[in-house]
Amino acid sequence: MAAFEGNVVLKDFGDTSPVPRALIAGLQGATCSQVMPTLEPTFEALMARPEEVKVLLLLHDGAAHDPDDLASWAREARCIPGFFFWGIYLGSNPQEEAAMKGLLGADRLIACRPDELPQKFGNVLRAFRPVGV
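Residues numbered from 1 in each chain as written. Predicted model: local features only at pLDDT ≥ 70, side-chain atom pairs only at ≥ 80, totals over all residues. Heavy atoms only, no water.

Caption draft 1: Quick look at the overall build of the protein. A tally of regular secondary structure across the protein gives five helices and five strands. Helices (α) and strands (β) of the protein occur, in sequence order from the N terminus, as β-β-α-α-β-α-β-α-β-α. Taking all 133 residues of the protein together, 30% fall into the buried category. At a minimum sequence separation of 6, the contacts of the protein that also span at least 24 residues come to 60%. Carbon and sulfur atoms make up 57% of the accessible area of the protein, which amounts to about 8400 Å² in all. (Helix = DSSP H or I, 4+ residues; strand = E, 2+ residues; numbered from the N terminus. Buried < 20%, exposed > 50% of the residue type's maximum accessible area, 1.4 Å probe, protein only. Contact = heavy atoms within 4.5 Å. Areas by Shrake-Rupley, 256 points an atom, 1.4 Å probe, with all protein chains shown as cover.)

Have a look at this one:
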């Protein structure tokens, strides 16, 4: 789990300590950030993992300083076998939601209020569950 420009790592794979929660609680977001400096190393670390299926979630407000690079990444990432990504927009601003759809694609966006996220994301996760489990 990484955040913001400069790839601030909040949680490494396998970290079960309480530190990530404290780091998340202390986050202060900037407006209109660059996404790719964090996304690229996070994506590379994920792709180096041995699991056959890899899932990346991008929580954002749609206001990126590098929208062309992000949109290009999203188009290319759709073609990678076993790799799935979703953008998550938490809010109710139609312009911000439209910006996220433009960056990632409408079919790759979960847009909802924060209290709706568990149900919405649960629906996505159920799509990965094998039949009969």
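Caption draft 2: Fine view of a nonpolar patch on the surface. Judged by side-chain polarity, V53, V55, L57, L59 and L90 come together as a nonpolar surface patch covering roughly 380 Å² of accessible area. At three residues, the largest contribution of residues to the nonpolar patch is made by strand β3 (residues 54-59). Exposure remark for L59: the relative accessible area of 51% places this residue in the exposed category. (Patch = residues over 30% accessible without salt bridge, like charges linked within 9 Å, V, L, I, M, F, W, Y side chains within 5 Å. Salt bridge = Lys/Arg side-chain N within 4 Å of Asp/Glu carboxyl O.)

Caption draft 3: Seen up close, helix α3 (residues 67-77). Within α3 the residues assigned to the buried category are L70, A71, W73, A74 and A77. Along the axis of α3, the buried positions cluster into a sector of 160°, meaning they face one direction only. For α3, exposure combined with an orientation more than 90 degrees from the buried face picks out D68, R75 and E76. On its buried face, α3 sits against α2 (36-47), β3, β4 (83-90) and α4 (94-104). (Arc of directions from axis to C-beta.)

Caption draft 4: Spotlight on the nonpolar core. Core analysis: the biggest nonpolar cluster contains 19 residues, and L39, L56, L70, W73, F83, F85 and L104 have the highest contact counts within it. For this core, the secondary-structure elements that each account for two or more residues are α2, β3, α3, β4 and α4. When residues no more than four places from it in sequence are discounted, the contact partners of W73 are M36, L39, F43, L56, F83 and F85. (Core = buried A, V, L, I, M, F, W, Y, C linked by side-chain atoms within 4.5 Å.)

Caption draft 5: Region of interest: the packing of aromatic side chains. With the rule as written, the count across this model stands at six aromatic pairs. With centroids separated by 6.4 Å and ring planes inclined at 15°, the aromatic side chains of F84 and W86 adopt a geometry described as stacked. According to the relative accessible area criterion, F84 is partly exposed, its value standing at 29%. With a relative accessible area of 12%, W86 lands in the buried category. Ring pairs connect the aromatic residues F43, W73, F83 and F85, which therefore count as one cluster. Directly above the ring of F85 sits R108, whose terminal nitrogen or CZ lies 5.1 Å from the centroid. The lysine or arginine in question, R108, covers the ring of W86, its NZ or CZ lying 5.9 Å from the ring centre. (Phe/Tyr/Trp six-rings, centres within 6.5 Å; stacked < 30°, edge-to-face > 60°. Lys NZ or Arg CZ within 6 Å of the ring centre and 35° of its normal.)

Caption draft 6: Quick peek at the pattern of salt bridges. The tally for this structure, following the rule as stated, stands at five salt bridges. Close ionic contact of R78 with D107 constitutes a salt bridge, the shortest N to O distance being 2.7 Å. In this pair, R78 sits in the loop between α3 and β4 while D107 sits in the loop between α4 and β5 (109-112), placing the two residues 29 residues apart along the sequence. Residue R113 pairs with D115 through a salt bridge whose shortest N-O separation is 3.2 Å.

Caption draft 7: Representation of the packing of α3 against α4 within the structure. Two elements in contact, α3 and α4, have axes separated by 7 Å at closest approach and are oriented at 55°. One finds that α3 runs oblique with respect to α4. Residues P67, L70, A71 and A74 of α3 lie in contact with α4, whose contacting residues are G102, L103 and L104. Partitioning the contact of α3 with α4 into residue classes produces six nonpolar, one polar and no charged. (Axes fitted to C-alpha atoms, helices over the stretch in contact; angles between N-to-C directions. Parallel < 35°, antiparallel > 145°, perpendicular 65-115°, else oblique. Nonpolar A, V, L, I, M, F, W, Y, C, P; charged D, E, K, R; others polar.)

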